[in-house]
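# Architecture at a glance
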Amino acid sequence: MPVSLSDPKCQITKLRLMAITPKFTGIVSLISSTFIIQHVLRDRRRRKLTYHRLLLGMSISDFFGSLMCFLSTWPIPRGEACLAAGTTATCTAQG
(Lines give C-alpha, C1' and ligand atoms only; values in the text may rest on other atoms or scores of the structure.)
Protein backbone atom coordinates (compact mmCIF):
# COMPACT_ATOMS: atom_id res chain seq x y z
CA MET A 1 0.00 0.00 0.00
CA PRO A 2 1.53 3.40 -1.01
CA VAL A 3 2.15 6.04 1.65
CA SER A 4 0.18 9.24 1.26
CA LEU A 5 2.05 12.52 1.71
CA SER A 6 -0.88 13.82 3.73
CA ASP A 7 -0.44 10.98 6.24
CA PRO A 8 0.48 12.47 9.69
CA LYS A 9 3.28 9.92 10.10
CA CYS A 10 4.80 11.06 6.79
CA GLN A 11 4.49 14.71 7.83
CA ILE A 12 6.39 14.09 11.08
CA THR A 13 9.13 12.25 9.16
CA LYS A 14 9.42 15.15 6.71
CA LEU A 15 9.64 17.69 9.54
CA ARG A 16 12.36 15.70 11.28
CA LEU A 17 14.29 15.34 8.02
CA MET A 18 13.98 19.08 7.36
CA ALA A 19 15.31 19.78 10.88
CA ILE A 20 18.23 17.33 10.70
CA THR A 21 19.52 17.90 7.14
CA PRO A 22 20.82 21.47 7.71
CA LYS A 23 22.88 20.21 10.63
CA PHE A 24 24.85 17.83 8.39
CA THR A 25 25.36 20.30 5.57
CA GLY A 26 26.09 23.11 8.02
CA ILE A 27 28.82 21.20 9.87
CA VAL A 28 30.54 20.20 6.61
CA SER A 29 30.53 23.82 5.45
CA LEU A 30 31.67 25.02 8.89
CA ILE A 31 34.65 22.64 8.88
CA SER A 32 35.55 23.58 5.29
CA SER A 33 35.39 27.32 6.02
CA THR A 34 37.53 26.84 9.14
CA PHE A 35 40.15 24.99 7.09
CA ILE A 36 40.30 27.75 4.46
CA ILE A 37 40.53 30.47 7.13
CA GLN A 38 43.43 28.80 8.93
CA HIS A 39 45.12 27.94 5.61
CA VAL A 40 45.19 31.59 4.56
CA LEU A 41 46.05 33.03 7.98
CA ARG A 42 49.02 30.72 8.63
CA ASP A 43 51.05 31.85 5.62
CA ARG A 44 52.28 35.46 5.48
CA ARG A 45 52.63 35.30 1.68
CA ARG A 46 49.01 34.20 1.26
CA ARG A 47 47.75 37.03 3.47
CA LYS A 48 49.32 39.58 1.10
CA LEU A 49 47.69 38.30 -2.11
CA THR A 50 44.35 39.83 -3.10
CA TYR A 51 42.96 36.44 -4.15
CA HIS A 52 43.60 34.95 -0.72
CA ARG A 53 42.25 38.02 1.06
CA LEU A 54 39.01 37.70 -0.89
CA LEU A 55 38.91 33.99 -0.14
CA LEU A 56 39.46 34.75 3.55
CA GLY A 57 36.63 37.28 3.61
CA MET A 58 34.22 34.92 1.87
CA SER A 59 35.20 32.06 4.19
CA ILE A 60 34.64 34.17 7.30
CA SER A 61 31.22 35.16 5.99
CA ASP A 62 30.42 31.54 5.11
CA PHE A 63 31.59 30.44 8.57
CA PHE A 64 28.86 32.48 10.27
CA GLY A 65 26.23 31.45 7.71
CA SER A 66 27.17 27.80 8.21
CA LEU A 67 27.01 28.20 11.97
CA MET A 68 23.46 29.52 11.73
CA CYS A 69 22.57 26.69 9.35
CA PHE A 70 24.05 24.16 11.78
CA LEU A 71 22.11 25.63 14.70
CA SER A 72 18.92 25.84 12.55
CA THR A 73 16.12 24.64 14.85
CA TRP A 74 18.00 24.45 18.17
CA PRO A 75 17.57 28.16 19.12
CA ILE A 76 13.80 28.05 18.44
CA PRO A 77 11.70 27.86 21.65
CA ARG A 78 10.99 24.29 22.77
CA GLY A 79 7.76 22.92 21.31
CA GLU A 80 7.64 25.36 18.37
CA ALA A 81 9.52 23.14 15.87
CA CYS A 82 11.05 19.70 15.52
CA LEU A 83 14.30 19.43 17.57
CA ALA A 84 13.75 22.90 19.04
CA ALA A 85 15.52 23.36 22.38
CA GLY A 86 15.93 27.10 22.84
CA THR A 87 14.15 30.00 24.45
CA THR A 88 12.66 33.22 23.16
CA ALA A 89 16.00 34.92 23.84
CA THR A 90 18.00 32.42 21.76
CA CYS A 91 15.48 32.69 18.94
CA THR A 92 15.79 36.49 18.97
CA ALA A 93 19.59 36.29 19.08
CA GLN A 94 19.72 34.05 16.02
CA GLY A 95 17.47 36.37 14.08
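See above for the structure.
Description of the structure in this document. Every value quoted in this text rests on a predicted model; they were computed, and no experiment measured them.

## Brief notes about the overall build of the chain
- Each helix and strand in the chain was counted, giving 4 helices and 0 strands.
- Each helix and strand of the chain, placed in order from N terminus to C terminus, yields the pattern α-α-α-α.
- Computed over C-alpha atoms, the radius of gyration of the chain comes to 19 Å, more than 25% over the 12 Å expected from 2.2 N^0.38 for 95 residues, which places it beyond the range of a compact globule.
- Once the C-alpha set of the chain is aligned to its principal axes, its extents read approximately 60 × 40 × 15 Å.
- Here the chain holds 95 residues, and 20% of them are scored as buried.
- Within the structure as shown, the chain displays about 7100 Å² of accessible surface, and the carbon and sulfur contribution to it stands at 69%.
- Side-chain charges in the chain split into 12 positive and 4 negative, and the spacing between the mean points of these groups amounts to 12 Å.

## Thoughts on a nonpolar patch on the surface
- Among the surface-exposed residues, I20, F24, W74 and L83 lie close enough to one another that they form a single nonpolar patch of about 390 Å² accessible area.
- Relative to the helices and strands, I20 is located in helix α1 (residues 8-41).

## Quick word on the packing of aromatic side chains
- Applying the stated rule across the entire model yields 2 aromatic pairs.
- Ring centres 5.4 Å apart and planes at 85 degrees place the aromatic pair F63 and F64 in the edge-to-face group.
- Here the guanidinium or amino end of K23 rests over the ring plane of W74, the centre of that ring lying 4.1 Å away.

## Overview of unusual backbone geometry
- A positive phi is found at S72, a non-glycine position, where the angle reads about 25 degrees.
- Along the chain, the position of S72 falls in the loop between α3 (50-71) and α4 (88-94).

## Thoughts on the state of the cysteines
- All told, the structure shown has 0 disulfides when counted by the stated rule.
- Note on C91: no disulfide assigned, nearest cysteine sulfur contributed by C82 at a separation of 16 Å.

## Observations regarding α3
- Its 22 residues place the ends of α3 32 Å apart at the C-alpha level, agreeing with the 32 Å of an ideal helix rising 1.5 Å per residue.
- Within α3 the residues assigned to the buried category are H52, L56, S59 and S66. Taken down its axis, α3 places every buried residue within 95 degrees of arc, on the same side. Those residues of α3 that are exposed and angled more than 90 degrees off the buried face are T50, R53, L54, M58 and S61.

Thresholds, definitions, all that
- Residues numbered from 1 in each chain as written.
- Predicted model: local features only at pLDDT ≥ 70, side-chain atom pairs only at ≥ 80, totals over all residues.
- Heavy atoms only, no water.
- Helix = DSSP H or I, 4+ residues; strand = E, 2+ residues; numbered from the N terminus.
- Rg over C-alpha atoms; globule rule 2.2 N^0.38 Å.
- Buried < 20%, exposed > 50% of the residue type's maximum accessible area, 1.4 Å probe, protein only.
- Areas by Shrake-Rupley, 256 points an atom, 1.4 Å probe, with all protein chains shown as cover.
- Lys, Arg positive; Asp, Glu negative; His and termini not counted.
- Charge placed at Lys NZ, Arg CZ, Asp CG, Glu CD.
- Patch = residues over 30% accessible without salt bridge, like charges linked within 9 Å, V, L, I, M, F, W, Y side chains within 5 Å.
- Salt bridge = Lys/Arg side-chain N within 4 Å of Asp/Glu carboxyl O.
- Phe/Tyr/Trp six-rings, centres within 6.5 Å; stacked < 30°, edge-to-face > 60°.
- Lys NZ or Arg CZ within 6 Å of the ring centre and 35° of its normal.
- Disulfide = S-S within 2.5 Å.
- Expected span 1.5 Å × (residues − 1).
- Arc of directions from axis to C-beta.

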